Amino acid sequence: SQQGEEDPQALSIQEGENATMNCSYKTSINNLQWYRQNSGRGLVHLILIRSNEREKHSGRLRVTLDTSKKSSSLLITASRAADTASYFCAAPEGTSGSRLTFGEGTQLTVNP
Amino acid sequence: NAGVTQTPKFQVLKTGQSMTLQCAQDMNHEYMSWYRQDPGMGLRLIHYSVGAGITDQGEVPNGYNVSRSTTEDFPLRLLSAAPSQTSVYFCASSPAGVSVEQYFGPGTRLTVT
């Protein structure tokens, strides 16, 4: 079963706007990871947030984690056409497992 | 470093044929994994390995075999290809299991007719 589930499935915005994607997970975790996938390419790691962190920034990316609600969000500020991609969250199964499970992703389209 | 490499990039098989998808990494990572991605979907874990000589099943292991004789290589074998195995296959590695970021290869697009 999927540990991470993204919402929305698709998001279309204009350049310059902010994009927010949400991820919910089922079991306790020690970290949650976000990846980007450009069309036809492999996945690229964006940010990893640990269970004892509430917020993390990397450039125009901001990730939050709410362990009480078992949810995370990825905010891309001042979006660009080059941000058009699919975004996935991934979470380990449990706090000591060796399996990483991915959500089905959010397809973000940024219109110039 | 070349990172994670996968060969071939594309492959077409007939039902019942077997083949091996190759994955190699030159970062001395202990953890390696195989995922499949079907159209419009996320990645599903097929098999993973926490080190040379150690492999374990993921979410969708049926129809696939793996072995890990060296740290660098983690081949995925399709025993008897079926149309349901048409997918894009990604290999990934990391230095410390699933507690750190995963490094992905570019993928192998497999079509089974």
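The structure contained in this document is the topic of the report that follows. (Residues numbered from 1 in each chain as written. Chains lettered and ligands numbered in written order. Predicted model: local features only at pLDDT ≥ 70, side-chain atom pairs only at ≥ 80, totals over all residues. Heavy atoms only, no water.)

## Considerations on the state of the cysteines
Now for step 1: Evaluation of the coordinates by the stated rule reveals two disulfides over all chains.
Now for step 2: Here Cys23 of chain A pairs with Cys89 of chain A through a disulfide, and the sulfurs are 2.0 Å apart. With the S-S dihedral at roughly 70 degrees, the linkage between Cys23 of chain A and Cys89 of chain A falls on the right-handed side. A residue pair is termed long-range when its members are at least 10 positions apart, and Cys23 of chain A in strand E3 (residues 19-25) and Cys89 of chain A in strand E9 (residues 85-92) qualify at 66 residues. Both residues of the pair, Cys23 of chain A and Cys89 of chain A, belong to the buried class.
Now for step 3: For Cys23 of chain B, the disulfide goes to Cys91 of chain B, at an S-S distance of 1.8 Å. When the S-S torsion is -70 degrees, as for the bridge of Cys23 of chain B with Cys91 of chain B, the disulfide is left-handed. In this pair, Cys23 of chain B sits in strand E3 (residues 19-25) while Cys91 of chain B sits in strand E9 (residues 87-94), placing the two residues 68 residues apart along the sequence.
Now for step 4: For Cys23 of chain B, a relative accessible area of 1% puts it in the buried group.
Now for step 5: Take Cys91 of chain B: its relative accessible area is 0%, and that puts it in the buried class. (Disulfide = S-S within 2.5 Å. Helix = DSSP H or I, 4+ residues; strand = E, 2+ residues; numbered from the N terminus. Buried < 20%, exposed > 50% of the residue type's maximum accessible area, 1.4 Å probe, protein only.)

## Let's talk about the interface of chain B and chain A
Now for step 1: Counting residues at the interface gives 24 residues for chain B and 23 residues for chain A.
Now for step 2: By the criterion of area lost to chain A, the three top residues of chain B are Leu43, Val98 and Phe104 of chain B, representing 28% of everything that side buries.
Now for step 3: Inspection of the region where chain B meets chain A yields zero salt bridges.
Now for step 4: Taken together, chain B and chain A are joined by nine residue pairs in polar contact (both at pLDDT 80 or more).
Now for step 5: Sorting the residues of the side of chain B that touches chain A by element identifies strand E4 (31-37) and strand E5 (43-51) of chain B as the ones contributing at least two each.
Now for step 6: With five residues, the top contributor of residues to the side of chain B that touches chain A is E5 of chain B.
Now for step 7: A breakdown of the residues in the side of chain B that touches chain A according to their chemical character gives 12 nonpolar, eight polar and four charged. (Contact = heavy atoms within 4.5 Å. Buried area = accessible area lost by both parts, 1.4 Å probe. Salt bridge = Lys/Arg side-chain N within 4 Å of Asp/Glu carboxyl O. Polar contact = N/O pair within 3.5 Å; in protein donor to acceptor, adjacent residues only side chain to side chain. Nonpolar A, V, L, I, M, F, W, Y, C, P; charged D, E, K, R; others polar.)

## Description of the sheet that holds E3 of chain A
Residues and elements named next belong to chain A.
Now for step 1: Ordered by their spatial adjacency, five strands build an open sheet running E1-E3-E8-E7-E6, and the pairing between neighbours is antiparallel. The open sheet has two free edges, formed respectively by strand E1 (4-7) and strand E6 (55-58), since each of these has just one partner strand. Ignoring strand direction, the axes of neighbouring strands in this sheet form an average angle of 20 degrees.
Now for step 2: Relative to strand E8 (residues 71-76), strand E7 (residues 61-66) runs antiparallel, the two sharing six bridges. The residue bridging Val63 from the neighbouring strand is Leu74, located in E8. (Pairing = 2+ DSSP bridges. Axes fitted to C-alpha atoms, helices over the stretch in contact; angles between N-to-C directions.)

Remember, this is a structural readout, not a statement about activity or role.
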